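Tertiary structure, described
Each chain, letter by letter, is given below.
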Amino acid sequence: MQDIRYAIRLLGKNPAFTLVALLTLAVGIGANTVIFTVVHAVLLAPLPYREPDRLVSVLARKPRWTTSMSAPDVADMRAQGAAFEDIALAGYNSADFQGADGPERIIGSRVTANLFSLLGVSPVAGRGFEPADDRPGAPPVILLSYPLWQRRFGGDPAVIGKAIAAGKDISRTVVGVTPPWFQFPNDRAQYWIPLAGDRTLAMRDRHAFTAVARVKRGVPVDQARAEVKTIASRLEKAYPDTNAGWSADVAPLADYIVGGVRSALLILFGAVAMVLLVACANVANLILSRGAQRQQEMAVRAALGAGRRRLVRLLFAESLLLAVLGGALGMTLAVWGVRALVPLYPSGLPRSAEIRLNAPVLAFTMLLSLGAAVLVGLAPALRTSRADLNAALKSGAKARGGRTSRLRAVLVVAQVALAMVLLTGAGLLVKSFLLRTRVSGFDPANVLTVQLPDLPEARVAAILERIRALPGVTAAGATTSFSYVQMMSIAVEIAGRPESGEKASWMFEVVTADYFRALELPVRQGRAIEARDGPAAPLVAVISEAMARRRFPGEDPLGKQIRLGNSGQWRTIVGVVADVRYGTDSPSQGAMYLPYLQWDYAPDTIAVRASVPPRDIAPAVRSVIRSMEPNAPIIRVETMRENLAGMVASPRFYTLMLGIFAATALALAALGVYGVVSFAVSLRTHEIGVRMALGATGRDVLQAVMRQGVILAAAGAAIGAAASLATTRLLLSTSLLFHVKPVDPLTFACVPAVLLAAALAACWVPARRATKVDPAEALRYE
């Protein structure tokens, strides 16, 4: 306690040192606590279900492809298998909820009634589904999520048992409310309705359901996996038309839920741990500087009988106090950081409702603080306590360098090396992100996008006519998708091809006549889809340049006949348009465009090109749609640039986070270089004065001082580059790298340049101060 009280007095007498050290540790510890909070909730904590280790997901597999199950296949596995206690299904659903503020499109899930009992989840209000709810003809019921109950119904308990409008011409009775943390099959589901009566229950070729099963006690997962593979093999033989080439697999439910984000979160956790190491090295450097200034004090204490253990304990008490206070401040920052980070994370983070500061996170922060105390305090304490009595007492108040300076240099090299690793990773992600967001083939500027619910074709056409008449609108068209990843696919047969019996799968969109003009998508050959391409006109199609190169190499595609699916009708290719990149991975085969009046699907996404900023016409567009479809929800209104940005939300988040960590590490490394060079200048004041007295110019002194910092930075960059060659390959385990190799020459050339520039900037202030040394004053001081 005496040592702690002495440390408090010392820290109070040095507020600048204390503030810098505390903030540095707080940033490192707080950032680690934030990321660990997410990692613990998403990856480490057991699923909040009954006996979660017995829960598995049943998956359908083809070579290099894993997807959901079909309901008939699951029914056969339930009937033929012996490894599972029960199997439940969950599928996608959406409905328009009517309310005082108008209709709202809400995402939900159609599930079998046994889902909640299988998971062991009980509603916080009302009841769950019963077997009678999941029978054809049963009264329509609904379970609400806790957030939806709070947001739309104000958490009113009286809503239980009442009928609400949830879907077109459908009224459902609310029977219960799920717990606040419940998210299944994903975080977008806000309500659940029984699956009975869904036509996909009888469709063996519709892989539309998440299948979750509970393994019997004592049955290992490998046995369950072997069983479903055997049953899938039987089904392949029994139903060759729908099951040919399909197998099945079993995975722990936790792996299925979090598998898509595991690698990325662990990479972030590793990156933030490096930031903490850099912060600890920085504080250790600060403590070494103070230790060098306290050599005389240590020598006096030793001369008065203090042993080395006593001196180490005294010095370590200060580091321990700094770490504890830094940990407390870091926890405070973490509370704010978690609140800011979770909403910032793009939609799709599993188990996001479970992310909170709790006892394990608090224990982690405490251990982190103690670990930081050891990292920042032990080496400086050992070094400072090894005092040379004669040298220290003879030197008066003047600090000396020696081994302390070498240890500080080593710490700076380590800081720069860690910063190099983080900067390299961030540089790769930045380049990858820029490639993802590169738009080509059309002009996204001044385009407003509007997503509508499913409407009849005639209503879509009428809405487009009214929008085209608005002031400032130059073109308006509609499509079924703006993104290749959301496009539909269909088997296509080419007339006259010897292999025409083998239909290839083509990606396609259904568009209106003005769509290409709204996007300013150039027509390379032939013509675009026009208003004359109606139901009574000859069937036509337009393809992209990539599709033309792939399907008609060395040929003119215009006039070629194609047949889609099993329609039996031939279409003529009448045009070729430019390839489009929507900021995501475009398939190499390109795309096909079909007139909406010649297809079954009505476009539900409108593109409006304006001569004014698109946000300026958004209210008028909303007003038109609301006046024509008062009972239809407007799902989304945003600019095309915002639409494109949403497609790369996850890569942007990880790039941003790693970029922040790398920038923090760079700033701390630059601060470390500054500290070492500044300390060296203070030690070399007499030497610099002698050199200048003997004729050295200010430029000579400037170069000599800056050379020291550059050498340290170059050594750290070289070590960091070697480490980066290994660590950046970890990015390949995620989908974060896009058309960028882990050993990218441009990145590995630019990052060291940035590091050296930061080192030069850090050296400049102490180097300039060195050039201002007055030789007479320096010699007189010595």
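Overview of the structure.

Rules and cut-offs
Residues numbered from 1 in each chain as written. Predicted model: local features only at pLDDT ≥ 70, side-chain atom pairs only at ≥ 80, totals over all residues. Heavy atoms only, no water. Salt bridge = Lys/Arg side-chain N within 4 Å of Asp/Glu carboxyl O. Helix = DSSP H or I, 4+ residues; strand = E, 2+ residues; numbered from the N terminus. Buried < 20%, exposed > 50% of the residue type's maximum accessible area, 1.4 Å probe, protein only. Lys, Arg positive; Asp, Glu negative; His and termini not counted. Polar contact = N/O pair within 3.5 Å; in protein donor to acceptor, adjacent residues only side chain to side chain. Phe/Tyr/Trp six-rings, centres within 6.5 Å; stacked < 30°, edge-to-face > 60°. Patch = residues over 30% accessible without salt bridge, like charges linked within 9 Å, V, L, I, M, F, W, Y side chains within 5 Å. Areas by Shrake-Rupley, 256 points an atom, 1.4 Å probe, with all protein chains shown as cover. Axes fitted to C-alpha atoms, helices over the stretch in contact; angles between N-to-C directions. Parallel < 35°, antiparallel > 145°, perpendicular 65-115°, else oblique. Left-handed = near helix turned anticlockwise from the far one by under 90°. Contact = heavy atoms within 4.5 Å. Nonpolar A, V, L, I, M, F, W, Y, C, P; charged D, E, K, R; others polar. Core = buried A, V, L, I, M, F, W, Y, C linked by side-chain atoms within 4.5 Å.

**Focus on the pattern of salt bridges**
If you walk through the whole model with that rule in mind, you get 31 salt bridges. Here the salt bridges share partners, and the residues they tie into one network are R50, E51, R54, E85 and R217.

**Notes on unusual backbone geometry**
Cis geometry is found at the peptide bond from F184 to P185, where omega equals 5 degrees. Tracing the chain through its elements places P185 in the loop between β8 (171-177) and β9 (191-194). The phi dihedral of E51 falls on the positive side, at around 45 degrees, and the residue is not glycine. Relative to the helices and strands, E51 is located in the loop between α2 (15-44) and β1 (55-62).

**Here we look at the side chain of R172**
Relative to the helices and strands, R172 resides in strand β8. It is D198 that comes nearest to the buried, bridge-free R172 among opposite-charge side chains, at 9.0 Å. A polar atom in the side chain of R172 sits 3.3 Å from the backbone oxygen of V141.

**Brief notes about the packing of aromatic side chains**
The final tally for this structure, using the stated rule, is 17 aromatic pairs. For the ring pair F36 and F269, a centre distance of 6.0 Å and an interplane angle of 40 degrees mean the geometry is tilted. Taken together, the positions of F36 in helix α2 and F269 in helix α9 (residues 262-293) put the pair 233 residues apart, joining distant regions of the chain. For F269, a relative accessible area of 22% puts it in the partly exposed group. Members of the aromatic cluster, connected to one another through ring pairs, are Y49, F116, F129, W181, F182 and W192.

**Side note on a nonpolar patch on the surface**
Taken together, the side chains of L19, L23, V27, L329 and L333 define a hydrophobic patch exposed on the protein surface, amounting to about 400 Å² of accessible area. Residue assignment for the nonpolar patch shows that the elements contributing at least two residues are α2 and α11 (308-344). Here the nonpolar patch gets three residues from one element, more than from any other, and that element is α2. Of note, L19 is situated in helix α2. The exposure class of L19 is exposed, given its relative accessible area of 51%.

**Here's the deal with the packing of helix α1 (residues 2-13) against α11**
Contact geometry of α1 with α11 gives a least axis separation of 9 Å together with a crossing angle of 60 degrees. Between α1 and α11, the crossing angle belongs to the class labelled oblique. Taken as a pair, α1 and α11 cross one another with a handedness that is right-handed. Contacts from Q2, D3, I4, Y6, A7, I8, L10 and L11 of α1 reach α11 at R310, R313, L314, A317, E318, L321 and L322. Split into classes, the residues belonging to the contact of α1 with α11 amount to 10 nonpolar, one polar and four charged.

**Some remarks on the nonpolar core**
Counting 75 residues, the largest nonpolar core has I35, V42, L265, L422, Y654, F661 and L755 as its most contacted members. Contributing elements (two or more residues each) for this core: α2, α9, α11, α14 (403-436), α20 (649-683), α21 (685-693), α22 (698-727) and α23 (745-771). When residues of this core are assigned to their parent elements, the largest contribution, 15 residues, is made by α20. Apart from residues no more than four positions distant in its own chain, F661 is found in contact with A31, I35, L268, A271, V272, V275 and L422. Within the second largest apolar cluster, 25 residues are counted, among which are V56, A60, M69 and F84.

**A word on the environment of A299**
Summarising the element assignment, A299 is placed in helix α10 (residues 295-303). Residue classification places A299 among the buried positions, given a relative accessible area of 0%. Between the C-alpha atoms of A299 and A578, which are 279 residues apart in sequence, the distance is 79 Å.

**Some words on the side chain of N285**
Tracing the backbone through its elements, the reader meets N285 in helix α9. The class for N285 is buried, based on a relative accessible area of 4%. Beyond its immediate chain neighbours, meaning those up to four positions away, N285 contacts R408, L411, V412, Q415 and V676.

**Digging into the environment of L201**
Locating L201 in the fold gives a position in the loop between β9 and β10 (209-215). L201 sits in the partly exposed class, given a relative accessible area of 34%. Expressed as a C-alpha distance, the spacing of L201 and Q2, which sit 199 residues apart in the sequence, is 75 Å. Apart from the residues within four sequence positions on either side, L201 is in contact with A71, P72, L195 and A196.

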